[in-house]
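Residue strings, one per chain:
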Amino acid sequence: MTFRPALTVTEWPSVRPTESQSHYRDSVHWTEHAPLLIDNGSSELRAGFATSTLDEPMYVYDNIVSRFRDRKRGSNVVLCGTDCYVDAQARGNIKSPFDGDVVCGFDTMEYMLDYTFMKLGIDTDRIDHPMLMTETLCNPEYSRSRTYGETLTKEMNELLFEAYNVPSVNYGLDSLFSAYANDVREDGLIVSAGRTTTTIVPLVKGVGKLDNAKRLSWGGVPATDFLLKLLQLKYPTCPQKITAFETQSMLEELCYVSSDYDAEIRSFQNPDNLANVDRVVQLPYSAPEPKEKTQEELEKIAERKRAAGQRLQEQTRLMRQEKALRNENDLKYYTLLREWKDKEAPDAYLARLESEGFDSEQEFEKTWKRLDTAVRKNRAEELGEQFEEEKKEPEFPLVDVPDAELDEEGVKEKRRQRLLKAGYEARQRARAEKEEEKRLQAEKEEKERQEQRENPTAWLQKVRAQYDQVLQRIRDRKRMREMLPNRKSAAAQQRMKSITALASEQDSTSSGSQRRRKRGNDEDTFGADDNDWAVYRTINDAANEEEDAQDHETLAELEQKLLEFDEAFSEEHTYAAMLVRKTKLTNTFLRGYEPKWDPDDAIQFHQLHLNVERIRVPEISWQPIIAGIDQAGVGELSRHVLQSMEAVDRDRMIRHVLVTGRYAQLPGFDTRLQSVLRSYLPPQAPLQVRRARHARFDPWLGMRQWVQDQAETFRATSVSRADYEEKGAGWFQEHALSAAWRA
């Protein structure tokens, strides 16, 4: 498996440098009053003159406008096209003249036209050029002209004639112009997948049969939004905000149309197949720049550390000397004080101790012993000898003395000694139990080694059986934890029965008798009986972390034995390997196969892995129900269009099936369309599906070629200013490539 480097995406398109204005009055465009061609797409606006000899439009930029107030300059700013990406404030105020693929914001459209004419160098008071613009299929009437009461909507015709005084204007369908540029001029089927919609338009005898055309409300923008939602669900903790432009870059560069979606999705059940299609996307991030120190600086730092360490050692040595001297002096003083015990009465001796700050003789003796031990230990260290503290069995002389023979202080001391004795005996029992446990464990290991030497096969079978039992207990406990949240499961029902039994008024005791708990009468003695704890452990068996940890520890020991002595047992058979295999598909889906996921790596933390999404998002064009769209897919719509035509026309159309549009340029789109259509057509049908040569610029190139080839048709079907003033804004001249042709 070959590791592929991460794809780095830019956050926003770079602002293009300012271009020099064209010498408009010195050009052939001005002298010949060349038609002005504008491919008014919802994603891009492409403009140029019909007399241009370039292989692409003269100017191409995003069809967006940003209006905002610059607080530093205190003025309003209007940016158009790619300039809208200049900064965050401009990006936050971006608007498009389109709602879907229909022009609705004519104020914004006016800014775009002003910007376009400025780019073309037109410096006259009016636009003295015939115009040809594209429009979408099923363009609603109100986008052309519509009256609401007494208010006339500012529609395209009004905008061009009233604001720019154009001599004439003509409209046409972008997909039909693209077909004209690709030499599909008589019969064919044009499938155009654009920014917001996908259209299927039949072309018969050079005329677009728009009554038989179909439209799918899915294109590049909804696909980008859908991919963005998938990534947000997949990486909810992603530290970097994923922008729409980044998502669009992923869609266009990494996604493809699967030839057999269902079969490929099933193949992804194998993590290796999923890893083969995995692509890594590196989001922009700012990594901390480590400041590299010079060798001289490193040596100075090391010297400072050594000096600081020496000063600390010297301070510690001095503190130890002072403490040792202080202990020597205290021990001498307390030794002299201790000698008074044999020289005076007990009451006087106790009063002397109280004057020195001790509450009792026992406290004084404890302090004296501590000082004596510290002094002897320090002397042994100075001589370089090993100090061994004398361990004496503690004595508790007052434990067996009756309370009547003791005063109040003696009774308190007796209680203290009793607690100390109980703790000492408990420690002794625990030590004995531990030693006994070690002895039994040693005997068990010795017996196991003997069984292994005498009958290795039977020993291996025994270890394997123990391994299976422990593994089954772990699995049962895990399954129990998974079942408990479901209140209708058998485990949850049994647990509720046990809880109900505990909460009932009559609880069973170990002897089989019954006791009744009454409010305010009987004391709650739950837990005093071992059976109570047995029921409690039964209820909480699924959450018993102690038993689970013990089983995992036992499982690791048995796995170590099997790995060492069982040739049929390898690392692939261990419990950890089984868990990795079980979660391998999920891990590959989230973090890919390589490199290994490291949450502390800032680079990996800003990476996205695209695998299933690469085919899932494009598949919506063929199965819109995936995104909740109640429409037919591209293949089914194409079949409906073909079946709605006459058999003779259909046989000619299938020879020229053209795929155009920016979204249709995803790899595999034409192959999938051909396979779908082939399944509907007879085996000998002459089906030919091909891509547009320049899907991005073919509509504009087709407009230029149509104007040059059919200049008379262009002039005859254009709406002149006289027609506009005489017949109104709703008057249109239709032609074979227009959006409302009626033969």
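Below: a short report on this structure. (Residues numbered from 1 in each chain as written. Predicted model: local features only at pLDDT ≥ 70, side-chain atom pairs only at ≥ 80, totals over all residues. Heavy atoms only, no water.)

Before going further, it helps to examine unusual backbone geometry. A positive phi angle, close to 65°, is found at Asp183, a residue other than glycine. Of note, Asp183 is situated in the loop between α6 (174–181) and β14 (188–193). Its relative accessible area of 49% is what places Asp183 among the partly exposed residues. A positive phi is found at Lys205, a non-glycine position, where the angle reads about 55°. (Helix = DSSP H or I, 4+ residues; strand = E, 2+ residues; numbered from the N terminus. Buried < 20%, exposed > 50% of the residue type's maximum accessible area, 1.4 Å probe, protein only.)

Moving on, we come to the sheet that holds strand β6 (residues 75–80). One open sheet holds the 3 strands; their spatial order is β6-β5-β7, and the pairing between them is antiparallel. Among the strands making up the open sheet, the edge pair consists of β6 and β7 (94–95). Pairing geometry for strand β5 (residues 65–70) and β6, over 6 bridges, is antiparallel. Paired with Asp70 across the two strands is Ser75, which belongs to β6. (Pairing = 2+ DSSP bridges.)

With that settled, consider the pattern of salt bridges. On inspection of all chains with the given rule, the structure shows 39 salt bridges. For Glu365, the salt bridge identified is with Arg338, shortest N-O distance 3.3 Å. Of the two residues, Glu365 is situated in helix α13 (residues 361–383) and Arg338 in helix α11 (residues 295–339); the sequence distance between them amounts to 27 residues. Residue Arg338 is classed as partly exposed on the basis of its relative accessible area, which comes to 33%. Between Arg439 and Glu443 there is a salt bridge, with its nearest N and O atoms 2.4 Å apart. Here Arg439 pairs with Glu443, and both are found in helix α14 (residues 408–454), just 4 residues apart, close to one helical turn. Here the residues in one salt-bridge network are Arg473, Arg477, Glu547, Asp548 and Asp551, joined through shared partners. (Salt bridge = Lys/Arg side-chain N within 4 Å of Asp/Glu carboxyl O.)

The next subject is the environment of Ile265. Its place among the elements puts Ile265 in helix α9 (residues 261–267). Judged by its relative accessible area of 29%, Ile265 is partly exposed. Expressed as a C-alpha distance, the spacing of Ile265 and Ile615, which sit 350 residues apart in the sequence, is 8.7 Å. Once residues within four sequence positions are removed from consideration, Ile265 is found in contact with Val612 and Ile615. (Contact = heavy atoms within 4.5 Å.)

By size, the foremost hydrophobic cluster in this structure holds 49 residues, and its most contacted members are Trp218, Met250, Leu608, Phe669 and Leu673. Residue assignment for this core shows that the elements contributing at least two residues are β14, β15 (198–204), α7 (220–234), α8 (244–254), β21 (607–610), α22 (634–643), β22 (657–660) and α24 (669–680). When residues of this core are assigned to their parent elements, the largest contribution, 6 residues, is made by α7. Here Met250 is in contact with Leu227, Leu231, Ile242, Cys255, Val281, Leu283, Leu608 and Leu610, once residues within four sequence places are set aside. Within the second largest apolar cluster, 36 residues are counted, among which are Met109, Met112, Ile127 and Leu160. (Core = buried A, V, L, I, M, F, W, Y, C linked by side-chain atoms within 4.5 Å.)

With that settled, the discussion passes to the sheet that holds strand β2 (residues 36–40). Taken together, 6 strands build an open sheet; the order of strands is β4-β3-β2-β10-β13-β24 and the sheet is mixed. Edge positions in the sheet fall to β4 (59–62) and β24 (719–720), since each of these pairs with one other strand and no more. The strands that helix α3 (residues 106–119) touches are β2, β3 (44–49), β4 and β10 (131–135); relative to β4, the one it contacts most, it runs at about 150°. Along the sheet, helix α5 (residues 156–163) contacts β2, β10, β13 (168–173) and β24; its crossing angle with β13, the most-contacted strand, is approximately 150°. (Axes fitted to C-alpha atoms, helices over the stretch in contact; angles between N-to-C directions.)

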